[in-house]
Amino acid sequence: MQNKGLVKLFALLFGLVSIYQLSFTFKANQIEKEAHEIAINKVPSTEENYHAKRTQEEANYLQSIATDTVYHMGVAKFTYTEVKQKAMNLGLDLKGGINVILQVSVKDILKGLANNTTDPTFNKALEDATELQKNGQNTYLEDFFTAFDAIKGDTKLASPDIFYTKALDGEIDGGMSDDEVKVVIDRKIDESIVSAFEVLRKRIDEFGVTSPNIQRLGTSGRILVELPGVKDVERATSLLQSTAQLEFWDAYKGEQFFPFLAQANEVLKSVVDKKTESAEAKSEDEEDAKSSQIDDLLGDAETDSTAVATVNPIFDLIRGQGYPGGPVIAKFEIKDKNKVLDYLNSKEVRALLPSEQRYARFAFGKPEKNSELVDLYALVGNRENIPPLSGDVVTDARNQFSAVGKSEVSMQMNAKGAKIWEEMTGNAYAQGSQIAIVLDNIVYSAPGVTTGPIAGGSSSISGDFTLNEAIDLANVLRAGKLPASADIISSEVVGPSLGKEAIQSGTMSFMIALALVLLWMVFYYGKSGLFADIAMLLNILLIFGVLSGLGAVLTLPGIAGIVLTIGMSVDANVLIFERIREELSKGKGQAEAIKDGFGNALSSILDANITTGLTALILFVFGTGPIKGFATTLLIGIATSLFTAIFITRLLIDWYANRGGNLEFSTGLTKNLFRNINIEFLKKRKIAYIISGSLIVLSLGSLFTNGLDQGVDFVGGRTYQVRFAHAVSSSEITDVLSDPAVFGSADAKTFGSANQLKITTKYKVNESGTKVDEEIRSKLYQALVPYLEGTTYNDFIDLNDVNKQVGLLETYKVSPTIADDIKQASLWAVLGSLIVVFLYILFRFKKWQFSLGAVIAVFHDVLIVLGVFSLTYKFMPFNMEINQAFIAAILTVIGYSLNDTVVVFDRVREYLNEHTAWNFDKVVDVSLSSTLSRTLNTSLTTLVVLLAIFIFGGDSIRGFMFALIVGVIVGTYSSLFIATPVMYETVDKSEKRKKLNS
C-alpha cells in the first residue's frame, strides 16, 4: 500500500481530534454529576416537591459556574458554557424533554393583512382553503389563492375591502392585478412566519434550555422546537403554548360585581340541573360555613336558620374573596374555572350586566404555586373586543428585585405605547383601579398605580412572583406578540426517567453487540480478525468523535444505527478477507494475495456501501427527529467504516506481514468452512419462486384483511406511555378508557413489561393547548386511579423525577393534518430510494437487467416484512406499529438487501470477463457459490448484532429491530434466490450467448 505515512498521519490526527471532542462530553457529564450530588445534599427527599427543588438547585449551581474555568487542557482553558457547547448532544429519548411542531396560522395572518374584513368572497375563500387543506399537500396560501380564483368573479385582491388597506398602502394599490398582489402577500406571509420563528427562538433562548433546536420546516409555516434535557417539562410546555397576543386591559373593582353575582346565582338556579348540583353539594356543616362566607361577601344578606339549604350554582363554588378595592371578585378552585366561565358567559347571565358593564370580560388569574385556588377578574371590555394596548409596543422587559427583595419585572414601551400607557395609568390612578396584564386570557398581574400617570413608557410590574415566574413573564413581554396563533400539531414529551432507562439499555446493547462481533472476527479469521477488531474500535471512536464535532444529536435509534454500523462494517473486512483467502487458495504468496485481495474487493465494497449510503441519505432528507439521528449515524458510520477497513486494516496487516508474521485469514475450525462449494442455484429458482410467491400471496391477503397497526404518526392521535406498580390487563384498560364518559374510543397495548402500557386515543385530536392537554391527562388519570394504587395526580403527571417508576412516562401527539404529510413523505422516501438505487445499479453495471433484478428483490423483501407485521401484530408481546421508525427500518432493509445483491452482481460481472468460455448458467451459479461465505458470514454477524439490540435495547425500538431482523433474513434469501434469478430470466438467449460482455 502506497502513502502509508500519510494514512498513519490521518489516522493519528482523526483519532486525536475524536478524543479531544469526546473529552468535553466526559467533562460535562462529570460536572453535571457533581451538580446532581450537591442538589441531593441540599434538598432531602423528605421535603415536599423535592424533585422540582433539586432540579432548581442543579440549575442554580450550573448557572453559577457558567463563566468559570472548569476544564484546563494545558494549552487551552474552557468555561462550563464552552464545555457544554462542545459536548455531545443527547436526543429527547435519551435525555427526556419535549419536541413540538408548531403550525403558524396563515389564515390568521391573512385576516390580519385584510384588517379582519367582512368581505364575503374573502371569507368564503378562507373556508374553502381550510377544506382543501384536509386532503392536499399544498401550503395554506396556495390553497387560498386557488379558492379565491374559483369564486372571485369581479372581486379583486387589491380591493379596499381586502388587501388595499392602510397597513399595506405603498405596497399594494387599487390598480394592481391579482398576480401582482399575490407576490406581495406571499412576501408578507413569509415575513410573518419569520417573525413568529424569531419570537419563538427568543423565548426559547431566554428560557435557558441546553442545546435547543429550533427550525423552520420548509415554507409551510411549521416550526420545529426540540428541547432535550429540559428539566421542568410543565413550565417549558406552558411557555411554548403561550402563543396568543399579550394584552393590557383596565380592570373593574371586584366589589362592583357582587350584586351581579347574586342575580346570576338566582337566574342559574332555574337553568342548572338541580339533581346534578345536589350530588355535588357538600355536607350541612360546610354549607353553613359557606353561607356565612357569602353573607360576608354580599354584606347585607339576611339568613334564616330554619330555611332548607338550596343549591347555589355560583355561590357553592366560591372559596374566598378579594380585598376591598382590589380587582379580584372571588376565589374558586382551579377545577371549577371552566364551569364558572361557562356560567358567567351564558346568554342568560350576561343579560343581567348593567349597560356600563355590558362588554365586561371575565378572566382568571394565574394560580399561585401549590394552591388549588384561582382569582376571578372582570376586565373593561368593548364592542370590538380589542385591548386598549397590545404587547407589540413592549420593546424590552427584565426581571429584577424590588427594594424589599421581591421579584418584579421592569418594562419599556415604544413611543406609541408610552402615550397610551400614560393615559391608562392616569385613569387607573384617578379611579384607584388596576391594569390587568393578560396573556392567553390569563391575568398574570393586575397592579394598581401608586405614583400617578406613568410617562415615558418605563414602568415596573410587581406581584406575588417567584423568580421563575418573573423570568418567564419578562421573556414573554420581551418577545412581544406572535403575528398569528401557532398551534401544536405534533408533540412529544419524554420524562427523564425514560431517558435514563434508554441510556442504560442502549449502552448494554451496544457493549454486548460489540463484544460478540469482536469475538466472532477473532474466532473466524484468527490474527487477521484481531486486526479488523482494532480497526473497528478506531471506527467507533471516529463515529462518536465526528458526531460530537458536528454537534449532531445522539438518539436511541442513533445508537441502534451505530451498533448496526458495527455489524455492517464487518462486511468490508469479510469481503477483503474472503478475497485474500481465494487468492491464497490459488497458490499465491502471502504478500501478493493480500495485495490482490484488497484490490479485488474494493469494487464490491464501494458499490455495497454506496447503495446503503444512498438509502440512508434519502432517510436523512425525509426523516425527522430520532429517525434523522439514525440516518446521520449510519451515514457517518459508512464513511468511517470505509476508511478503517480499506486503510487501517491494510496498514495493520501489511505491518505484521512485513515483520515476517504468517496470516492464514482463518482458524483451524473455519479453514475449510464454505470452501469448494458448488451449488446449482439456478436449478432451484422455480422452488424459490413458489416459496416467495406463496409468502407474497399470504402477505397481500393479510394486508387486505388484517391490515397494519398504523401508529399515530400516520393516522393522528395522542399516545401516552404509562407504567403501573403491578401487571395490568391491556384489554381491561382499553374497555375502561373506551367508555363514552372517558374517551369514547381508545386502545391500550402492553409495551415491554406487563406493567407498562401504550395508550392511544383520538379524543379531541384536532384541539390543542394547555386546557385540552390538561383535560385529557385528567380524564386518563381518573380512569386509571383504581390501578395506580394511591398515586396522586401530581405524581402521575410529574415528568421531572429521574427515578420515576409509576405514572406517565411519555406523551406523543400528532394531528391528522401532519399525519397525512408524514405518510406522504414516507411513501416518497421508499419510492425515491428504489428509483435512485435502480439508476445507480444501471450506471454501474450498464445493463437494465441487473437493476430490475435488484429492485424486484427489494419489493419482495418489503412486501414480506409488511406481511409479517400484518400477520403477527395482534399477538406479538411488543409494539409493532407502522410509524416513522418502521419506514426507517424498511429503508435500512432496502439498503442491506441491495448491499448483498450488489456484491453478487459484482462477482457475476467479474466472472463474465474472466471466464469467457463458461456458459452463462455456470457464471451465475459459481458467482453465487463463491460469495456464499461472505453472504452468510455478514448476515450472521448482522443478525447477532440486531438480536443483541432487540433483546437488550429497550422497548421503544424493539419493533424497529424486529423489522430489521426479518428484513436481513429475507434480504439474504432474496439476494441468492430472487435478484440473480430474475436478472437471469430477463436476459434473452442471444444476450446469454454473448455472456453480457460489454
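Note: the structure precedes this text.
In what follows, the accompanying structure is described. Keep in mind the model is a prediction, meaning the values are calculated, not measured. (Residues numbered from 1 in each chain as written. Predicted model: local features only at pLDDT ≥ 70, side-chain atom pairs only at ≥ 80, totals over all residues. Heavy atoms only, no water.)

### Concerning the overall build of the protein chain
- Check the secondary structure of the protein chain and you find 33 helices and 23 strands.
- Counting every position in the protein chain, which comprises 998 residues, the buried fraction comes to 54%.
- For the protein chain, restricting intrachain contacts to residue pairs at least 6 apart in sequence, the fraction spanning at least 24 positions comes to 73%.
- Carbon and sulfur atoms form 56% of the exposed surface of the protein chain, whose accessible area is close to 44000 Å². (Helix = DSSP H or I, 4+ residues; strand = E, 2+ residues; numbered from the N terminus. Buried < 20%, exposed > 50% of the residue type's maximum accessible area, 1.4 Å probe, protein only. Contact = heavy atoms within 4.5 Å. Areas by Shrake-Rupley, 256 points an atom, 1.4 Å probe, with all protein chains shown as cover.)

### Considerations on the environment of Leu708
- Counting through the fold element by element, Leu708 comes out in the loop between helix H22 (685-705) and helix H23 (712-715).
- Under the relative-accessibility criterion, Leu708 is labelled partly exposed at 28%.
- For the pair formed by Leu708 and Tyr873, sequence separation is 165 residues and the distance between their alpha carbons is 7.7 Å.
- Apart from residues lying up to four places away in sequence, Leu708 is in contact with Leu703, Leu866, Phe869, Ser870, Tyr873 and Ile882.

### Some remarks on the pairing of strand E13 (residues 394-401)
- As defined by bridge partners, E13 adjoins strand E14 (residues 407-413) across 7 bridges and the pair is classed as antiparallel. Following the sheet pairing, Asp396 is matched in E14 by Gln412.
- Here E13 folds back onto E14 in antiparallel fashion, the turn holding 5 residues, of which Gly405 has a positive phi close to 85°. (Pairing = 2+ DSSP bridges.)

### Overview of a negative patch on the surface
- On the surface, a cluster of negative charge is contributed by Asp169, Asp173, Asp179 and Glu180.
- Following the sequence through the fold, Asp169 ends up in the loop between helix H7 (140-151) and helix H8 (178-207).
- Assessed through its relative accessible area of 54%, Asp169 is described here as exposed. (Patch = residues over 30% accessible without salt bridge, like charges linked within 9 Å, V, L, I, M, F, W, Y side chains within 5 Å. Salt bridge = Lys/Arg side-chain N within 4 Å of Asp/Glu carboxyl O. Lys, Arg positive; Asp, Glu negative; His and termini not counted. Charge placed at Lys NZ, Arg CZ, Asp CG, Glu CD.)

### Examining the packing of aromatic side chains
- Inspection of every chain in the model, using the stated rule, returns 36 aromatic pairs.
- Taken together, a centroid distance of 5.0 Å and an interplanar angle of 90° make the contact between Tyr20 and Phe24 edge-to-face. Residue Tyr20 and its partner Phe24 are both found in helix H1 (residues 4-42); the two are separated by 4 residues, about one turn of the helix.
- Centre to centre, the rings of Phe332 and Phe364 are 6.0 Å apart; their planes meet at 85°, and the pair counts as edge-to-face. Of this pair, Phe332 sits in strand E9 (residues 328-333) while Phe364 is found in strand E10 (residues 361-365), placing the two residues 32 residues apart along the sequence.
- The class of Phe332 is buried, set by a relative accessible area of 1%.
- An aromatic cluster of three or more residues is present, and its members are Trp520, Phe523, Tyr524, Tyr525, Phe577 and Phe665.
- A cation over an aromatic ring shows up here: Lys86 above the ring of Phe24, its NZ or CZ 5.6 Å from the ring centre. (Phe/Tyr/Trp six-rings, centres within 6.5 Å; stacked < 30°, edge-to-face > 60°. Lys NZ or Arg CZ within 6 Å of the ring centre and 35° of its normal.)

### Observations regarding the nonpolar core
- Among the nonpolar cores identified, the biggest contains 132 residues, and Phe577, Phe886 and Ile894 are the most heavily contacted of them.
- Looking at this core element by element, the count peaks at 17 residues for helix H29 (residues 884-914).
- The residues touching Ile894, leaving out its near neighbours within four places in the chain, are Thr615, Val830, Ser833, Leu834, Val858 and Val862.
- Ranked by size, the runner-up nonpolar core spans 42 residues in total, among them Val184, Val225, Leu227 and Val230. (Core = buried A, V, L, I, M, F, W, Y, C linked by side-chain atoms within 4.5 Å.)

Worth remembering: the numbers are spatial, not functional.
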